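Below, each chain spelled out in residue letters.
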Amino acid sequence: MALLEIENLVVEFQTASGMFRAVDGVSLKVHEREVLAIVGESGSGKSVSMLAVMGLLPWTAKVTADKMTFNGRDLLDISDADRRKLIGKDIAMIFQEPVASLNPCFTVGFQIEEVLRVHMKLDKAARRARAIELFKAVGIPDPAERLGHYPHQMSGGQCQRVMIAIAIACNPKLLIADEPTTALDVTIQKQILDLLMGLQAEHGMGLIMITHNMGVVAETADRVVVQYKGRKMEEADVLSLFESPKSNYTKALLAALPDNATGDRLPTITELFVDERPAEASTAVKTPPLEAPL
Ligand SMILES: Nc1ncnc2c1ncn2[C@@H]1O[C@H](COP(=O)(O)OP(=O)(O)OP(=O)(O)O)[C@@H](O)[C@H]1O
């Protein structure tokens, strides 16, 4: 049985200029111990699909699917109370802006201990000991002292390590990493990716890596889903995707990599890719409105 199973997921937002379809019939599966990369350019609905799984979309979103289960449990028909027990414990997510994802008003120690209090019911001393252990596991130096720091006192890379420590605090079965290295210095990006992959292997978690970076896909994924304008264009194991991509969009993504440049100028995706979908389908996905959502 797959850990996460999604069939025909559609997410639409109610906006001032009508309904906007951000995710258009996406299906995917993730198994235990598997790393699935979801790749696609900005706005292709990668984050929105996973926020739908987490139940973290605003009220303006309408989520429908033929199936959305976690470990056999129906996520479409789950009570708010049951979802709160699951999210942050069995399914955890880390985001691309680590500093903004932490609460600036509380110490990082309070924030990690809060997760341990709510989900693991540990007493104060056990929470502190576990928090120190987790900070050590993600490579934060002087963990006991760092627990007393606020997010603004730490670098972006350190904050992402804190976010990862919080995400793995309750030994989740599935970790969703939404562009976890995009906001970080290049020198730190590799360290954070290595840390995530090490933890994934050690804990046997399923990992969904959302990225627009084909280099990250190549380094991390077992299987890849390619998304474009809310639709799944292709799904393949990582080797097949790089060696024999099927969809023209995947071919365009690969051809736009600097390593594949032939002339003195890199081609853009729009030069390389013509939307393969029937006109009816592609116009169903309207250009996002500029005005704020309702
Ligand atoms: N609350 C919202 N109301 C209206 N439209 C939204 C809302 N949230 C996201 N969208 C739109 O949904 C589309 C998909 O967004 P999403 O964040 O999933 O893209 P993405 O593929 O993850 O790209 P990125 O890497 O830039 O985050 C975008 O066009 C975005 O503007």
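Conventions and cut-offs
- By convention here, each chain's residues receive numbers from 1 onward along its written sequence.
- With the structure being a predicted model, the display of local features is reserved for residues of pLDDT at least 70 and the display and counting of side-chain atom pairs for 80 or more, all residues being used for whole-chain, interface and lining totals.
- UniProt positions are given in the numbering used here, feature names are shortened, and annotations may be inferred rather than shown by experiment.
- By definition, any uninterrupted DSSP run of H or I lasting at least four residues is a helix, any uninterrupted run of E lasting at least two residues is a strand, and each is numbered from the N terminus.
- In this scheme the burial state of a residue depends on its C-beta neighbours within 10 Å: 20 or more other such atoms mean buried, 12 or fewer mean exposed, and anything in between means partly exposed; the C-beta positions come from the backbone.
- By the criterion used throughout, residues are in contact when their C-beta atoms, derived from the backbone, lie within 7 Å.
- All residues are tested the same way: a C-beta atom is placed from the backbone, and lying within 6 Å of a molecule or strand makes the residue near it.
- Residue polarity follows a fixed list, in which Ala, Val, Leu, Ile, Met, Phe, Trp, Tyr, Cys and Pro are nonpolar, Asp, Glu, Lys and Arg are charged, and the others, Gly among them, are polar.
- Note on pairing: two strands pair once DSSP finds at least 2 bridges between them.
- The convention used is that axes are lines fitted to C-alpha atoms, helices contributing only their stretch in contact, and that angles between N-to-C directions extend from 0 to 180 degrees.
- Any angle from 65 to 115 degrees is called roughly perpendicular, while one under 35 is roughly parallel, one over 145 is roughly antiparallel, and all others are oblique.
- Helix crossings get a hand from a simple test, with the near helix turned counterclockwise from the far one by less than a right angle marking a left-handed crossing and a clockwise turn marking a right-handed one.
- To define a nonpolar core, we join buried Ala, Val, Leu, Ile, Met, Phe, Trp, Tyr and Cys residues through C-beta atoms within 7 Å and take the resulting set.
- Between the first and last residue of a helix there are one fewer steps than residues, each counted as 1.5 Å, and that sum is the expected span.

An unreviewed UniProt entry annotates the protein chain as ABC transporter ATP-binding protein of Mesorhizobium denitrificans. Under Subcellular location (unreviewed entry), UniProt gives the following word-for-word description of the protein chain: "Cell inner membrane". Recorded under Sequence similarities (unreviewed entry), the UniProt text for the protein chain is reproduced unchanged: "Belongs to the ABC transporter superfamily."

Regarding its fold elements, the protein chain presents 13 helices and 11 strands. Summarising its shape, the C-alpha atoms of the protein chain cover approximately 60 × 45 × 40 Å along the three principal directions. A total of 294 residues make up the protein chain; the buried ones form 40% of that total. Counting contacts in the protein chain only where the partners sit at least 6 residues apart, residues at least 24 apart contribute 67% of the total.

Glancing now at the site of the ligand. The full set close to the ligand counts 18 residues, and F13, A22, S42, S47 and V48 are the nearest of them. A breakdown of the residues in the shell around the ligand according to their chemical character gives seven nonpolar, nine polar and two charged.

Moving on: the UniProt feature "domain: ABC transporter" (unreviewed entry) in the protein chain. Sites flagged by UniProt as "domain: ABC transporter" (unreviewed entry) map to residues 4-254. Helix makes up 41% of residues 4-254 and strand 27%, with an end-to-end C-alpha separation of 28 Å.

Turning next to the pairing of strand β10 (residues 223-228). A large share of β10 lies buried, amounting to five of its six residues. Across four bridges, the pairing between strand β3 (residues 35-39) and β10 is parallel. Within β10, the position partnered with I38 by the bridge is V225. Where β10 and strand β11 (residues 231-237) come together, six bridges link them in antiparallel fashion. By the bridge assignment for β11, V226 is matched with E234. Where β10 hands over to β11, the hairpin turn is made up of two residues, of which K229 adopts a positive phi near 45°.

You will see that K121, though not glycine, has its phi angle at about 55°, which is positive. The topology assignment puts K121 in the loop between α4 (108-120) and α5 (124-137). K121 gets classed as exposed once you count the C-beta atoms within 10 Å, which come to 9. Of note in the backbone geometry, E179 takes a positive phi value of approximately 45° without being a glycine. Take E179: it is sitting in the loop between β8 (174-178) and α8 (186-203).

Put simply, α4 and helix α7 (residues 156-168) touch, their axes get as near as 9 Å, and they point 15° apart. On the basis of their axis angle, the class for α4 and α7 is roughly parallel. For the element pair α4 and α7, the recorded crossing hand is right-handed. Contacts from V108, Q111, I112 and V115 in α4 reach V162, A165 and I166 in α7. Here the residues of the contact of α4 with α7 are counted per class, giving six nonpolar, one polar and no charged.

Pairing within the open sheet is mixed, and its six strands lie in the order β7-β8-β9-β3-β10-β11. Strands at the two margins of the open sheet, each flanked by one partner only, are β7 (91-94) and β11. Strand-to-strand twist across the sheet, computed as the mean angle between neighbouring axes with direction ignored, equals 15°. Of the strands in this sheet, β7 and β8 are in contact with α7, which crosses β7 at around 175°.

Moving on: the nonpolar core. If you look at the biggest cluster of nonpolar residues, it comprises 78 residues, and the most contacted ones within it are A37, I112, A165, A167, A177, I208 and M209. With eight residues, the top contributor of residues to this core is α7. In contact with A177, other than residues within four places in its own chain, are I94, L196, L207, I208, M209 and I210.

Among the nine residues that make up helix α1 (residues 46-54), eight are buried, leaving the element largely enclosed by the rest of the structure. Regarding α1, the residues found buried are K46, S47, V48, S49, M50, L51, A52 and V53. One or two steps after α1, the chain reaches G55, where phi turns positive at roughly 70°.

The end-to-end C-alpha separation of α7 is 18 Å, in line with the 18 Å expected for 13 residues at 1.5 Å each. Within α7, 12 of the 13 residues are buried, which leaves the element mostly enclosed by the surrounding structure. Buried residues along α7 sit against β7, α3 (98-101), α4, α5, β8 and α8.

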